[in-house]
Amino acid sequence: MKTLKSGWIDPALFKALRWRHIGPFRGGRVIAVTGVPGEPGLFYFGAAAGGVWKTQDNGGHWTPIFDQVPDSSIGAIAVAPSNHQVIYVGTGEGALRNDITNGRGVYKSIDGGKSWTHIGLSDTGQIGELVVDPRNADIVLVAAIGHPFGPNSQRGVFRSTDGGKSWKKVLYRDENTGAADVTYDPDNPDIVYASLWQVSMRPWGDISAGPGSGLFRSQDGGRTWIELKGNGLPNGPLGRIGVSVSGADSRRVYALIEADWSDKLFGSPPIGEPDGGGLYRSDDGGEHWVRTSDDWRIRNRPLYYGKVFADPHCADTIYIVNTAVQRSTDGGKSFAPAPFPGYDHHYLWIDPADPGRIISGSDAGASVSIDEGQTWSTYDNQPLAQFYHVGADNRFPYWVYGAQQDFGNIAIASYSSEGAIGPRSWYPAGGGETGFVIPDPRNPMIIFSATAEMIGRYDKQKEQWQNISVSAAPDPWGVGAELAHRFNWWNSPLMLSPHDPDVLYAASEMVWKSADQGNNWTAISPDLTRNDKSKQQWKAIWGSYDAIVSLAESPLRKGLLWVGSDDGLINMTRDGGTHWTNVTPGGVAPWSFVSKIEPSRFNAEAAYVAIDSHRLDDWKPSGFKTADGGRTWVSIAGDLPEDAIVHAVREDPARQGLLYAATERGVFVSFDDGVHWQPLQLNLPATPIYDIMVKNDDLVVATHGRGFWILDNVTPLRQITAGAGAREAMLLAPKTAYMVGTQTFRGSTDAVGKNPPPGAAIDYVLIKRPRGEVTLDILDVHGALIRRLSSIEASKEQQAPQYVTDTVRSDKIPTEAGMNRVYWDFRTSDPEQVPEANYYGGFARGVLVPPGRYRVRLGVDGRTYERPLTLAVDPRAAGREGANAERFALQLAVLKDIDRLHKAMNELRKWRPRTADQAHVGKMSVSASKLAQLAGEMDSIDAALVKMNTNSFAQAYCFPYELEVYTPPRQQERALVDGLHQRVETALATWSSLRADTKGGMR
């Protein structure tokens, strides 16, 4: 018996639930890339929070190879030059920003990425680079940036000589200084260059170019180091340094030096004289240096960029990755944009043995070229979307909304009638890359969105966008203390009132209300932040500080608003903003980020709050609940993992106390109102979860690295209890199933989202594997059997698939201990099959039953369990219930004729060889001839009934597919069915007569 953690419900009771990815496939942030010399087609990339991916066809298809690892943020990848099966991955992206995901050290694979082992350096936080000695796959150097938001000792350059079994810190300054880069001399691996970087990030700004920064060289493979100073290098704090050695001339070394970049408006050139930063070049192995360029295009935003790459084939050609890839062909004196796809570039690799092979990594994704950059592979086959929030509309099927980092916002279908969710199932929703995306609950074509203080109203039907910002002239680039109002750039709240969808709320340092969907605004609060002017001197990349970032209204009480700020305050009002009360829990550290607030659906005075303190270097989970309007609070962090930062807590609307948590380490569920938490990760890959919502009976999550995912039909979570596992078996109440038709998707399934499985979901729990047969019976309202599914595989003919996407149908059901889920396809039992016949779409099937009330009966070891099941018409086809009943009656008549005819055909086939043998010896010739004639007639009838064609699929067109529509039967259809029925009756009567004659003759 498995021992459970205290307070947990056995996860076997919900193990059959499955997440499905809906997309989008349109790229995302890639930090590290590499190829493998001598292996055409083989490349790898590491995403900011989407794991490691591999291609073997030059980027035509990408496969995730890191999903079994609990870390998703990748800082560096290196394939051992001496053994291409050995791969090292450093976790924790080195492109520093506000919503960064930390890593937990280094992983190693010795089988080309099939499996991975954690090999240490767990507290390095972010890793800037990782290199492997080209002579020995066991010698590895790691440049560890360390914690971006606080001091720690596990930073600097580390070296292993035993493949990661042990590590030695070989280059270290202090607990505030990490290592940004490390690289070998390609001609002499005993010579290594590295850079140290002192950087400090805080919630309100950052300080790079600290005095601990420096450039170093080793001449013994990284064991000992000397610091390179003077001789042309700048004197002041050097900041972030990227270093690269030319493969064409290893005496040529390039260093990109930040040197006290102090501009606070990223994306603009520095104000005043530069402070010595820029590109430096040495032609004597680092002894002497000269600054060749201070071009601001190569120096922009050093926290986020800062890499330089020497072309391995030409000493004068170098590449610097920044907002664009800048290339110099004159040794760094001048630069011009190179034709690399994407934007906001982070890494590139050029094959030292083949200049045509290149891979580039940017905020758009990874792209491969095999012709020196003339053409590139697409990044639209990479599902790396980083979303901040999730919304959904009230369509059927519903659509999902969010703002994707670097790509803008999107509306994407949760289901597509095309069989898969591709580009035709999504569209831009009129907003930017950050903030909230809110569809009007009455009309999904009206969409509201916010990026910083820029608020927009988008009419999808008219393709019109309207600026409805609080300010007539928004200024998102000003320094916080100088602005009239402070809006958070990435999480500026926007909300439609659940009581009146004409009422729109937004927030800066105060709360704003519009009663006419944004045309006019009124402030309904004072400044609800700490308003510390000393912390409003930066703009940086996360917007003004001291701003509201979470806002929610009680669904039970109009005007009861909750507000959370990015500096750790929570306020609430019960009267629509006339009076406000600071209700911040005592356990919330000042300057924490109040990520999300969830008002309860069961108690107007109750709410749940998620707190994020990682920008204070506190990665511990934090969350609180109140049941008395904020007067008292209780922690709900419970037993969440120690580094599972909580981004959102959501309450299930049907079961009080059932909670879902979106965290940096995945999805968790609590069955006791936050006292205990257990993973709900299931098949969801490791990636940060920034938001989660309950939509109808589904869970929808916004990941920050792998797009949108849906956990279909979570009704089992509402039914299971701690004692459920003690029962021998349990049939869970099935949810209402909508009869939605879909096509079989015939395209490539590599880069499309998945539809939910078709049919009615039936869930049952078995405490152990039963001794005998398990059955699931579908009964009509009168108790008549419609379909039986069994754990014993039925012996019946199977037609070979025609398409890759075809699946072999089976009525066999699982009998695993724990939860099992089966999908009934709404069909009756199949008719008799004719062996070796070809039918378009497979053998003739049972017909679709009409919407209505049914029952499900589970049989286990002699006991039965029953539950009601409702099948509902597709809401888009509402009002056609009568037509469905008529259609079913017609289909059922055809099905009965097919079944009777096929039984006769199979019986006749068994008789024909026997009568042929009799005819060969001069007997029964007349009967044999008549049987052959009858067989031909039966084949002809079958061809009309089910469009059988034993020679070719090309002429096959399956019936009764052509009758499976939601309209009343047409006169022509009735006439066709009546005519075929008469032919069946005639053929069966002839067969009955011949069978009697033949039996007599053979006797």
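Residues numbered from 1 in each chain as written. Predicted model: local features only at pLDDT ≥ 70, side-chain atom pairs only at ≥ 80, totals over all residues. Heavy atoms only, no water.

Trainee: Sorry if this is basic, but what is going on with the overall build of the chain here?
Mentor: In terms of helices and strands, the chain carries four helices and 67 strands. Relative to its 1003 residues, the chain shows a buried fraction of 60%. In the chain, the proportion of contacts linking residues at least 24 apart, taken out of those at least 6 apart, comes to 58%. Here the chain has roughly 37,900 Å² of accessible surface; of this, 50% comes from carbon and sulfur atoms. (Helix = DSSP H or I, 4+ residues; strand = E, 2+ residues; numbered from the N terminus. Buried < 20%, exposed > 50% of the residue type's maximum accessible area, 1.4 Å probe, protein only. Contact = heavy atoms within 4.5 Å. Areas by Shrake-Rupley, 256 points an atom, 1.4 Å probe, with all protein chains shown as cover.)

Trainee: Explain the pattern of salt bridges here, please?
Mentor: Scanning the model with the defined rule gives 54 salt bridges in all. Put simply, Asp393 and Arg395 hold a salt bridge, and the shortest N to O gap is 2.8 Å. Residue class for Arg395 comes out partly exposed when judged on its relative accessible area of 23%. A salt bridge links Asp899 to Lys903; the shortest N-O distance between them is 3.2 Å. Taken as a pair, Asp899 and Lys903 lie in helix H2 (residues 881-920) at a separation of four residues, close to a single helical turn. Accessibility expressed as a relative area gives 19% for Asp899, which makes it buried. Sharing partners across several salt bridges, the network here consists of Asp777, Arg788, Arg855, Arg857 and Glu866. (Salt bridge = Lys/Arg side-chain N within 4 Å of Asp/Glu carboxyl O.)

Trainee: Looking at this model, I keep getting lost on the pairing of strand S64 (residues 785-790). Mind explaining?
Mentor: Successive side chains on a regular strand alternate, one facing one side of the sheet and the next facing the other. Where strand S63 (residues 774-779) lies against S64, five bridges are found, and the strand directions are antiparallel. Residue pairing for S64: Asp777 is matched across the bridge by Arg788. Where S63 folds back onto S64 in an antiparallel hairpin, the turn is made up of five residues, including Gly783, whose phi is positive at roughly 95°. (Pairing = 2+ DSSP bridges.)

Trainee: I keep staring at the nonpolar core and nothing clicks. Help me out?
Mentor: Most often, soluble globular proteins keep nonpolar side chains buried together rather than apart. Counting 29 residues, the largest nonpolar core has Tyr660, Leu680, Leu699 and Leu717 as the members making the most contacts within it. Elements supplying a minimum of two residues to this core: strand S53 (659-663), strand S54 (666-670), strand S56 (689-695), strand S57 (698-703) and strand S58 (708-711). Counting residues per element, this core draws most heavily on S56, at three residues. In contact with Leu717, other than residues within four places in its own chain, are Phe14, Leu17, Arg655, Leu658, Tyr660, Phe671 and Leu680. Grouped together as the second largest cluster of nonpolar side chains are 28 residues, Ala737, Met739, Leu766 and Val849 included. (Core = buried A, V, L, I, M, F, W, Y, C linked by side-chain atoms within 4.5 Å.)

Trainee: What's the story with the sheet that holds strand S24 (residues 307-310) in this structure? I'm lost.
Mentor: For sheets, the rule is that strands pair by backbone hydrogen bonds, running either parallel or antiparallel. Pairing is antiparallel in the open sheet, where four strands are placed in the order S24-S25-S26-S27. Unpaired on one side and paired on the other, S24 and strand S27 (336-337) mark the two borders of the sheet. Inspection of the sheet shows strand S25 (residues 318-321) paired to strand S26 (residues 325-328) by four bridges, in the antiparallel sense. In the strand pairing of S26, Val321 is matched with Val325.

Trainee: Would you mind going over the confidence of the model for the chain with me for this structure?
Mentor: Atom-level detail of predicted coordinates should not be read off regions where pLDDT is low. With 89% of its residues at a pLDDT of at least 70, the chain reaches an overall mean of 90. Taken as a whole, residues 263-273 scores under 50 in pLDDT and shows 24 contacts with residues more than four places along the chain or in a different chain. Predicted confidence is poor over residues 947-961, with pLDDT under 50, and the contacts of this stretch with residues over four places away or in other chains come to 41 contacts. (pLDDT = per-residue confidence, 0-100.)

Trainee: Can you walk me through the packing of aromatic side chains in this structure?
Mentor: For the structure on display, the rule yields 24 aromatic pairs. Ring centres of Tyr545 and Trp591 lie 6.3 Å apart, and the angle between their planes is 40°; this geometry places the pair in the tilted category. Of this pair, Tyr545 sits in the loop between strand S43 (522-523) and strand S44 (548-553) while Trp591 sits in the loop between strand S47 (581-582) and strand S48 (593-599), and the two are 46 residues apart along the sequence. According to the relative accessible area criterion, Trp591 is partly exposed, its value standing at 21%. Grouped by ring-pair contacts, the aromatic residues Tyr388, Trp489, Trp490 and Tyr690 constitute a single cluster. (Phe/Tyr/Trp six-rings, centres within 6.5 Å; stacked < 30°, edge-to-face > 60°.)

Trainee: What is the right way to read the sheet that holds strand S45 (residues 561-565) from this model?
Mentor: Pairing within the open sheet is antiparallel, and its four strands lie in the order S44-S45-S46-S47. Two strands in the sheet have a free side with no partner beyond their single neighbour: S44 and S47. By the bridge criterion, two bridges tie strand S46 (residues 570-573) to S47 in an arrangement that is antiparallel. Residue Met572 lies in a different strand from S47, and its bridge partner there is Thr581.

Trainee: Quick question: what am I supposed to make of the side chain of Gln405 here?
Mentor: Inspection of the secondary structure puts Gln405 in the loop between strand S32 (399-404) and strand S33 (408-413). For Gln405, a relative accessible area of 4% puts it in the buried group.

Trainee: Can you help me understand unusual backbone geometry in this one?
Mentor: Trans is the prevailing form of peptide bonds, just as negative phi is the prevailing case for residues other than glycine. Going from Gly23 to Pro24, the amide bond is cis rather than trans, its omega being 5°. Its place among the elements puts Pro24 in the loop between strand S1 (19-23) and strand S2 (30-35). Note the cis peptide between Phe396 and Pro397, where omega equals -15°. In this fold, Pro397 is placed in the loop between strand S31 (391-392) and S32. Phi at Gln517 is positive, roughly 60°, even though this residue is not glycine. Here Gln517 lies in the loop between strand S42 (511-514) and S43. Here the phi dihedral of Phe826 falls at roughly 70°; this positive angle occurs in a residue that is not glycine. If you trace the backbone, Phe826 turns up in the loop between strand S65 (818-824) and strand S66 (852-860). Judged by relative accessible area, which is 5%, Phe826 ranks as buried.

Trainee: Explain the environment of Val199 to me, please; I cannot follow it from the model alone.
Mentor: Mapped onto the fold, Val199 is located in the loop between strand S15 (188-198) and strand S16 (200-202). Among the residues examined, Val199 registers a relative accessible area of 6% and is labelled buried. In contact with Val199, other than residues within four places in its own chain, are Leu96, Asn176, Ile207, Ser208 and Leu303.

Trainee: Could you clarify how one ought to interpret the environment of Val822 in this entry?
Mentor: As for its position among the elements, Val822 is in strand S65. Sequence separation between Val822 and Ala761 is 61 residues, and the spatial gap between their C-alpha atoms is 5.7 Å. If near-sequence neighbours (up to four positions away) are discounted, Val822 is found in contact with Ala760, Ala761, Ile762, Tyr764, Leu776, Leu789, Ile813 and Pro814.

Trainee: Any chance you could explain the pairing of S45 here in plain terms?
Mentor: When you tally the buried positions in S45, you get five out of five residues, the bulk of the element. Every second residue of S45 is oriented toward a common face, with Leu561, Val563 and Ser565 on one face and Trp562 and Gly564 on the other, all of them buried. Sheet analysis places S44 next to S45, joined by five bridges and oriented antiparallel. By the bridge assignment, Ala552 is partnered in S45 with Trp562. With four bridges connecting them, S45 and S46 associate as antiparallel partners. Considered in S46, the bridge of Trp562 is made with Met572.

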